[in-house]
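The residues making up each chain are set out below.
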Amino acid sequence: MLAPAPHDPHSTVDHRHQDAALPDMTEAYLESLQLLERMHRLMLDLVKDEFERLRRGDLTPVQAMILYNLGESEVSAGELRSRGMYQGSNVSYNLKKLVTMGYVHHERCDLDRRSVRVRLTPEGQEVREMVRRLFMRHAEGLAHSGVLEDPPLDQVNLQSRRIERFWTEQIRYIY
(Lines give C-alpha, C1' and ligand atoms only; values in the text may rest on other atoms or scores of the structure.)
Protein backbone atom coordinates (compact mmCIF):
# COMPACT_ATOMS: atom_id res chain seq x y z
CA MET A 1 0.00 0.00 0.00
CA LEU A 2 1.32 3.45 -0.89
CA ALA A 3 1.85 6.07 1.77
CA PRO A 4 -0.72 8.88 1.73
CA ALA A 5 0.22 11.97 -0.21
CA PRO A 6 1.68 14.86 1.81
CA HIS A 7 -1.48 16.95 1.40
CA ASP A 8 -3.81 14.13 2.52
CA PRO A 9 -5.64 15.39 5.65
CA HIS A 10 -5.82 11.78 6.93
CA SER A 11 -2.06 11.31 6.73
CA THR A 12 -0.35 10.44 10.02
CA VAL A 13 2.85 12.13 8.86
CA ASP A 14 2.95 15.92 8.93
CA HIS A 15 5.27 16.65 6.01
CA ARG A 16 4.81 20.40 6.45
CA HIS A 17 6.41 20.11 9.88
CA GLN A 18 9.29 18.06 8.43
CA ASP A 19 9.81 20.60 5.64
CA ALA A 20 9.77 23.49 8.12
CA ALA A 21 12.37 21.76 10.31
CA LEU A 22 14.69 21.13 7.35
CA PRO A 23 16.20 24.64 7.27
CA ASP A 24 16.91 24.42 11.04
CA MET A 25 18.60 21.02 10.62
CA THR A 26 20.51 22.28 7.60
CA GLU A 27 21.79 25.29 9.52
CA ALA A 28 22.78 23.08 12.47
CA TYR A 29 24.58 20.70 10.10
CA LEU A 30 26.46 23.55 8.42
CA GLU A 31 27.44 24.91 11.81
CA SER A 32 28.66 21.47 12.88
CA LEU A 33 30.87 21.32 9.76
CA GLN A 34 32.47 24.63 10.72
CA LEU A 35 32.94 23.40 14.29
CA LEU A 36 34.59 20.18 13.11
CA GLU A 37 37.03 22.10 10.97
CA ARG A 38 37.85 24.59 13.75
CA MET A 39 38.22 21.81 16.32
CA HIS A 40 40.65 19.95 14.06
CA ARG A 41 42.77 23.08 13.64
CA LEU A 42 42.61 23.77 17.39
CA MET A 43 43.68 20.20 18.16
CA LEU A 44 46.73 20.67 15.93
CA ASP A 45 47.43 24.01 17.66
CA LEU A 46 47.23 22.31 21.07
CA VAL A 47 49.75 19.69 19.93
CA LYS A 48 51.98 22.43 18.50
CA ASP A 49 51.86 24.41 21.76
CA GLU A 50 52.64 21.30 23.81
CA PHE A 51 55.64 20.46 21.64
CA GLU A 52 56.88 24.05 21.85
CA ARG A 53 56.53 23.88 25.64
CA LEU A 54 58.54 20.63 25.61
CA ARG A 55 61.05 22.23 23.20
CA ARG A 56 60.29 19.67 20.50
CA GLY A 57 60.61 21.66 17.31
CA ASP A 58 61.57 18.71 15.13
CA LEU A 59 58.00 17.54 14.46
CA THR A 60 54.96 19.20 12.98
CA PRO A 61 51.61 18.66 14.70
CA VAL A 62 50.48 16.54 11.73
CA GLN A 63 53.55 14.32 12.08
CA ALA A 64 52.90 13.98 15.81
CA MET A 65 49.29 12.97 15.09
CA ILE A 66 50.45 10.40 12.54
CA LEU A 67 52.68 8.89 15.24
CA TYR A 68 49.80 8.98 17.71
CA ASN A 69 47.37 7.35 15.27
CA LEU A 70 49.91 4.74 14.20
CA GLY A 71 50.03 3.55 17.79
CA GLU A 72 51.13 0.00 18.51
CA SER A 73 50.17 -1.24 15.06
CA GLU A 74 52.19 -2.17 12.03
CA VAL A 75 50.25 -0.91 9.03
CA SER A 76 50.57 0.18 5.43
CA ALA A 77 50.40 3.84 4.47
CA GLY A 78 46.96 3.15 2.99
CA GLU A 79 45.69 1.76 6.29
CA LEU A 80 47.10 4.77 8.13
CA ARG A 81 45.39 7.05 5.62
CA SER A 82 42.05 5.36 6.25
CA ARG A 83 42.45 5.76 10.04
CA GLY A 84 43.28 9.44 10.11
CA MET A 85 42.59 12.66 8.32
CA TYR A 86 45.45 12.49 5.86
CA GLN A 87 45.61 12.75 2.12
CA GLY A 88 47.72 10.19 0.27
CA SER A 89 50.61 12.46 -0.69
CA ASN A 90 50.55 14.05 2.77
CA VAL A 91 50.93 10.66 4.47
CA SER A 92 53.67 9.54 2.08
CA TYR A 93 55.66 12.75 2.52
CA ASN A 94 55.32 12.76 6.30
CA LEU A 95 56.10 9.04 6.64
CA LYS A 96 59.32 9.54 4.65
CA LYS A 97 60.26 12.40 6.99
CA LEU A 98 59.40 10.33 10.07
CA VAL A 99 61.50 7.42 8.80
CA THR A 100 64.43 9.78 8.12
CA MET A 101 64.12 11.30 11.60
CA GLY A 102 64.05 7.84 13.21
CA TYR A 103 60.49 7.87 14.54
CA VAL A 104 59.11 5.22 12.18
CA HIS A 105 60.56 1.96 10.91
CA HIS A 106 59.48 0.82 7.45
CA GLU A 107 59.78 -2.52 5.74
CA ARG A 108 58.63 -3.85 2.37
CA CYS A 109 56.03 -6.60 2.49
CA ASP A 110 57.24 -10.06 1.51
CA LEU A 111 54.15 -10.80 -0.56
CA ASP A 112 53.77 -7.44 -2.32
CA ARG A 113 57.10 -5.66 -2.69
CA ARG A 114 55.30 -2.43 -3.67
CA SER A 115 53.62 -2.25 -0.26
CA VAL A 116 55.49 -0.87 2.73
CA ARG A 117 54.58 -1.63 6.35
CA VAL A 118 55.39 0.96 9.01
CA ARG A 119 55.60 0.88 12.80
CA LEU A 120 56.88 3.17 15.52
CA THR A 121 60.46 3.02 16.72
CA PRO A 122 61.11 3.53 20.44
CA GLU A 123 61.57 7.26 19.68
CA GLY A 124 58.21 7.27 17.91
CA GLN A 125 56.61 5.55 20.90
CA GLU A 126 58.02 8.32 23.11
CA VAL A 127 56.35 11.00 20.98
CA ARG A 128 53.10 9.04 20.91
CA GLU A 129 53.17 8.93 24.70
CA MET A 130 53.63 12.72 24.86
CA VAL A 131 50.53 13.24 22.73
CA ARG A 132 48.60 10.66 24.76
CA ARG A 133 49.48 12.43 28.03
CA LEU A 134 48.35 15.76 26.54
CA PHE A 135 45.00 14.27 25.52
CA MET A 136 44.59 12.59 28.92
CA ARG A 137 45.11 15.95 30.66
CA HIS A 138 42.45 17.46 28.42
CA ALA A 139 40.05 14.57 29.06
CA GLU A 140 40.48 14.97 32.83
CA GLY A 141 39.94 18.73 32.65
CA LEU A 142 36.83 18.33 30.51
CA ALA A 143 35.47 15.60 32.79
CA HIS A 144 35.92 17.83 35.86
CA SER A 145 34.25 20.77 34.10
CA GLY A 146 31.12 18.75 33.25
CA VAL A 147 31.35 19.72 29.56
CA LEU A 148 31.19 16.08 28.47
CA GLU A 149 27.97 15.28 30.34
CA ASP A 150 25.21 17.08 28.42
CA PRO A 151 24.72 15.61 25.91
CA PRO A 152 26.78 12.58 26.95
CA LEU A 153 29.92 12.33 24.83
CA ASP A 154 29.11 8.76 23.83
CA GLN A 155 25.91 10.08 22.19
CA VAL A 156 27.86 12.81 20.39
CA ASN A 157 30.35 10.18 19.19
CA LEU A 158 27.51 7.95 17.99
CA GLN A 159 26.09 10.75 15.91
CA SER A 160 29.56 11.61 14.55
CA ARG A 161 30.07 7.97 13.51
CA ARG A 162 26.71 8.03 11.72
CA ILE A 163 27.73 11.15 9.80
CA GLU A 164 31.09 9.54 9.03
CA ARG A 165 29.30 6.47 7.63
CA PHE A 166 27.01 8.66 5.54
CA TRP A 167 29.98 10.58 4.11
CA THR A 168 31.84 7.33 3.39
CA GLU A 169 28.83 6.00 1.49
CA GLN A 170 28.61 9.24 -0.48
CA ILE A 171 32.24 8.90 -1.53
CA ARG A 172 31.80 5.26 -2.53
CA TYR A 173 28.75 5.99 -4.68
CA ILE A 174 30.14 9.10 -6.36
CA TYR A 175 33.02 7.26 -7.98
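Residues numbered from 1 in each chain as written. Predicted model: local features only at pLDDT ≥ 70, side-chain atom pairs only at ≥ 80, totals over all residues. Heavy atoms only, no water.

Caption draft 1: Structural view of the overall build of the protein chain. Along the backbone of the protein chain there are 6 helices and 3 strands. Listed N to C, the secondary structure of the protein chain is α-α-β-α-α-β-β-α-α in terms of helices and strands. Taking all 175 residues of the protein chain together, 20% fall into the buried category. Within the protein chain, contacts between residues at least 6 apart in sequence are counted, and of these 53% link residues at least 24 apart. Accessible surface, the protein chain: about 13,300 Å² in total, of which carbon and sulfur atoms supply 56%. (Helix = DSSP H or I, 4+ residues; strand = E, 2+ residues; numbered from the N terminus. Buried < 20%, exposed > 50% of the residue type's maximum accessible area, 1.4 Å probe, protein only. Contact = heavy atoms within 4.5 Å. Areas by Shrake-Rupley, 256 points an atom, 1.4 Å probe, with all protein chains shown as cover.)

Caption draft 2: Region of the structure containing the pairing of strand β3 (residues 116-120). Where strand β1 (residues 75-76) and β3 come together, 2 bridges link them in antiparallel fashion. Bridge pairing in β3 links V75 to V118. Pairing geometry for strand β2 (residues 104-108) and β3, over 5 bridges, is antiparallel. Residue pairing across strands places H105 opposite R119, the latter belonging to β3. (Pairing = 2+ DSSP bridges.)

Caption draft 3: Local environment of the sheet that holds β2. In spatial order, the strands read β1-β3-β2; together these 3 strands make up an open sheet with antiparallel pairing. Looking at the sheet topology across the chains shown, the edges are occupied by β1 and β2. Relative to β3, helix α2 (residues 61-70) is tilted by about 95 degrees, and along the sheet it contacts β1, β2 and β3. (Axes fitted to C-alpha atoms, helices over the stretch in contact; angles between N-to-C directions.)

Caption draft 4: Geometry of the environment of S145. With respect to the element layout, S145 can be found in helix α5 (residues 122-145). Its relative accessible area of 47% is what places S145 among the partly exposed residues. Among the polar contacts made by the side chain of S145, one reaches the main-chain amide nitrogen of V147 at a distance of 3.3 Å. (Polar contact = N/O pair within 3.5 Å; in protein donor to acceptor, adjacent residues only side chain to side chain.)

Caption draft 5: Spotlight on the pattern of salt bridges. All chains considered together, the criterion is met by 9 salt bridges. Of the charged contacts, one joins K48 and E52 as a salt bridge, the two residues approaching to 2.9 Å between their closest N and O atoms. Highlighted residues: K48 and E52, both in helix α1 (residues 15-53), separated by 4 residues, approximately one helical turn. For E52, a relative accessible area of 46% gives the class partly exposed. (Salt bridge = Lys/Arg side-chain N within 4 Å of Asp/Glu carboxyl O.)

Caption draft 6: Just a nonpolar patch on the surface, in detail. Together, Y29, L30, L36, F166 and W167 line one region of the surface with nonpolar side chains, adding up to about 480 Å² of accessible area. Of the residues forming the nonpolar patch, the biggest block, 3 residues, is contributed by α1. By the element assignment, F166 lies in helix α6 (residues 153-174). (Patch = residues over 30% accessible without salt bridge, like charges linked within 9 Å, V, L, I, M, F, W, Y side chains within 5 Å.)

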